[in-house]
Amino acid sequence: QVELTESGGGLVQAGGSLRLSCAASGQTFSMYSMGWFRQAPGKEREFVAAISWSGGDTYYTDSVKDRFTISRDDAKKTMYLQMNSLKPEDTAVYYCAADNSISNSDAYNYWGQGTQVTVSS
């Protein structure tokens, strides 16, 4: 089992950058594939990015490609989401998730509590 805690959210102007972190507890972090999801007010939760357990495979939703970068540091048991060129439509609560298999669906077993990202125009 793994517990996840997001941090790094905040308020930023359009065009700015933020780096989200997802810190994990437990001994088996390196065995999990990880994902980032987001949920804007009044909308369903959507996939943002995912990274395989090895770090060798990454996936992004089209709207964040070339702006966001997902990465992981197994020694620190932490996953990151570097977000550049932020847009107001990126405003949402961002959640990290972990599971045995990489996926762009929300069928992950473990979830963090979320961190708010607000992009002002």
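For the structure itself, consult the block above.
The rules behind each value
- Residues numbered from 1 in each chain as written.
- Predicted model: local features only at pLDDT ≥ 70, side-chain atom pairs only at ≥ 80, totals over all residues.
- Heavy atoms only, no water.
- Helix = DSSP H or I, 4+ residues; strand = E, 2+ residues; numbered from the N terminus.
- Rg over C-alpha atoms; globule rule 2.2 N^0.38 Å.
- Disulfide = S-S within 2.5 Å.
- Buried < 20%, exposed > 50% of the residue type's maximum accessible area, 1.4 Å probe, protein only.
- Core = buried A, V, L, I, M, F, W, Y, C linked by side-chain atoms within 4.5 Å.
- Pairing = 2+ DSSP bridges.
- Axes fitted to C-alpha atoms, helices over the stretch in contact; angles between N-to-C directions.
- Salt bridge = Lys/Arg side-chain N within 4 Å of Asp/Glu carboxyl O.

Draft legend 1. Up close: the overall build of the protein chain. Along its length, the protein chain carries zero helices and eleven strands. If you list the helices and strands of the protein chain from N to C, you get β-β-β-β-β-β-β-β-β-β-β. Since a compact globule built from 121 residues should have a radius of gyration of about 14 Å, the 13 Å found for the protein chain is in line with a globular shape. Each principal axis of the C-alpha atoms in the protein chain carries an extent, and together these give about 40 × 25 × 25 Å.

Draft legend 2. Examining the state of the cysteines more closely. If you walk through the whole model with that rule in mind, you get one disulfide. Two residues, Cys 22 and Cys 96, share a disulfide whose sulfurs are 2.1 Å apart. Taking the torsion about the sulfur-sulfur bond, which here is approximately 60°, the covalent link between Cys 22 and Cys 96 counts as right-handed. Separated by 74 residues along the polypeptide, Cys 22 in strand E3 (residues 18–24) and Cys 96 in strand E9 (residues 92–99) bring together distant segments of the chain. By the burial criterion, Cys 22 is buried, and Cys 96 matches it.

Draft legend 3. Representation of the nonpolar core. With 28 residues, the main nonpolar core has Met 34, Trp 36, Leu 81, Met 83 and Tyr 94 as its most contacted residues. If you list the elements that add at least two residues to this core, you get E3, strand E4 (33–39), strand E5 (46–51), strand E7 (68–73), strand E8 (78–83), E9 and strand E11 (115–120). Membership of the second largest hydrophobic core comes to five residues, among which are Phe 37, Phe 47, Ala 50 and Ala 97.

Draft legend 4. Just the sheet that holds E7, in detail. Spatial strand order, E1-E3-E8-E7: four strands in an open sheet with antiparallel pairing. Here the strands that pair on one side only, and so sit at the sheet edges, are strand E1 (4–7) and E7. Shown here is a sheet whose adjacent strand axes are inclined to one another by a mean of 15°, direction ignored. As paired strands, E3 and E8 are joined by six bridges and run antiparallel to one another. Bridge pairing in E8 links Leu 18 to Met 83.

Draft legend 5. Broad picture of unusual backbone geometry. The backbone of Asp 66 shows a phi angle near 70°, a positive value even though the residue is not glycine. On the accessibility criterion, Asp 66 (83% relative accessible area) is exposed. The phi dihedral of Ser 85 is positive, around 50°, even though this residue is not glycine.

Draft legend 6. Fine view of the pattern of salt bridges. Scanning all chains against the criterion turns up six salt bridges. With a closest N to O distance of 2.6 Å, Glu 46 and Arg 38 form a salt bridge. Residue Glu 46 is classed as partly exposed on the basis of its relative accessible area of 33%. Asp 62 is paired through a salt bridge with Lys 65; the nearest N and O atoms lie 3.1 Å apart. Taking the relative accessible area as the measure of exposure, Asp 62 reaches 60% and is therefore exposed. Judged by relative accessible area, Lys 65 falls into the partly exposed class, the value being 42%.

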